[in-house]
Amino acid sequence: MSDDDVIADVYAGCFRRLVVQLYAVTGDLSEAQEAVQEAFTRALAAPRRFAGLDNPEAWLRRVAVNVARSRHRRRRVLDGLLRRTWSPPVVADSAPEHLALLAALRRLPDGQRHALALHYLVDLPVEEVARTLGLSVGTVKSRLSRGRQALALLLSPADTVDAVASRRRADVRS
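Heads up: these notes are all about the structure in this document.

## Some words on the overall build of the protein
Summing up its helical and strand segments, the protein has nine helices and zero strands in all. Each helix and strand of the protein, placed in order from N terminus to C terminus, yields the pattern α-α-α-α-α-α-α-α-α. Expressed as a percentage of its 174 residues, the buried residues of the protein come to 25%. Sequence separation of at least 24 residues holds for 54% of the intrachain contacts in the protein that already meet a minimum separation of 6. Entry remark: accessible area of the protein is about 12000 Å², with carbon and sulfur atoms responsible for 55%.

See the structure below:
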């Protein structure tokens, strides 16, 4: 059996059990899952050593608990720093139109939302949006176009949405 097979077998056999155990330790399911994943990542970094362990599950548990404890300590330090230096965030425009725009943006696919936010809200040129997202300029332009169309539908009154849909159906037929 290869080292990778050993890790795969251990993962299949004890991942859930380890997450439940770490959930009891951390009180946070996401934190527990991340700590266990980090433990498996460390096992994957040295598969031969991991495959030679007498009790790989105990090793994973110890690593996951240490990861969770380290994260907790770092979070406590950060929280202390934030309490000393934090000031309340400046609330963006709370006008109903702005709130409607943000709600509509959240309904868009990630790619469209990221492109629209960077281009229109952060005011980056298309080329910079492409570099930031690691995409081609053409892909960004496409996402901007599709995102604008989707926003128009989401932000339009119902009668306008019906009119746009009717025009689309007419365009498809011709």
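## A closer look at the packing of helix 1 (residues 3–26) against helix 2 (residues 29–45)
Close contact between helix 1 and helix 2 brings their axes to 8 Å; oriented N to C, the two are set at 145°. When the axes of helix 1 and helix 2 are compared, the crossing they make is right-handed. Contacts from Ile7, Val10, Tyr11, Cys14, Phe15, Leu18, Val19, Leu22, Tyr23 and Thr26 of helix 1 reach helix 2 at Leu29, Glu31, Ala32, Gln33, Ala35, Val36, Gln37, Phe40, Ala43 and Leu44. Each residue belonging to the contact of helix 1 with helix 2 can be placed in one class, and the counts come to 16 nonpolar, three polar and one charged.

## Some points on a nonpolar patch on the surface
Taken together, the side chains of Leu78, Leu82 and Trp86 make up a nonpolar region of the molecular surface, amounting to roughly 320 Å² of accessible area. Among the structural elements, Leu78 can be located in helix 4 (residues 56–85).

## Some thoughts on the packing of aromatic side chains
Ring pairs (aromatic) are described by centroid distance and by the angle formed between their planes. Within the structure shown, the criterion is met by four aromatic pairs. Here the aromatic rings of Tyr11 and Phe15 are separated by 4.8 Å at their centres, their planes lie at 25°, and the arrangement is stacked. Of the two residues, Tyr11 and Phe15 both sit in helix 1, four residues apart, roughly one turn of that helix. With relative accessibility at 33%, the residue Tyr11 sits in the partly exposed group. Both rings, one in Tyr11 and one in Phe40, keep their centres 4.8 Å apart while their planes meet at 75°; by these two values the pair is edge-to-face. One end of the pair, Tyr11, is in helix 1; the other, Phe40, is in helix 2, and 29 residues separate them in sequence. Here the aromatic cluster, defined as three or more aromatic residues joined through ring pairs, consists of Tyr11, Phe15 and Phe40.

Parameters at a glance
Residues numbered from 1 in each chain as written. Predicted model: local features only at pLDDT ≥ 70, side-chain atom pairs only at ≥ 80, totals over all residues. Heavy atoms only, no water. Helix = DSSP H or I, 4+ residues; strand = E, 2+ residues; numbered from the N terminus. Buried < 20%, exposed > 50% of the residue type's maximum accessible area, 1.4 Å probe, protein only. Contact = heavy atoms within 4.5 Å. Areas by Shrake-Rupley, 256 points an atom, 1.4 Å probe, with all protein chains shown as cover. Axes fitted to C-alpha atoms, helices over the stretch in contact; angles between N-to-C directions. Left-handed = near helix turned anticlockwise from the far one by under 90°. Nonpolar A, V, L, I, M, F, W, Y, C, P; charged D, E, K, R; others polar. Patch = residues over 30% accessible without salt bridge, like charges linked within 9 Å, V, L, I, M, F, W, Y side chains within 5 Å. Salt bridge = Lys/Arg side-chain N within 4 Å of Asp/Glu carboxyl O. Phe/Tyr/Trp six-rings, centres within 6.5 Å; stacked < 30°, edge-to-face > 60°.

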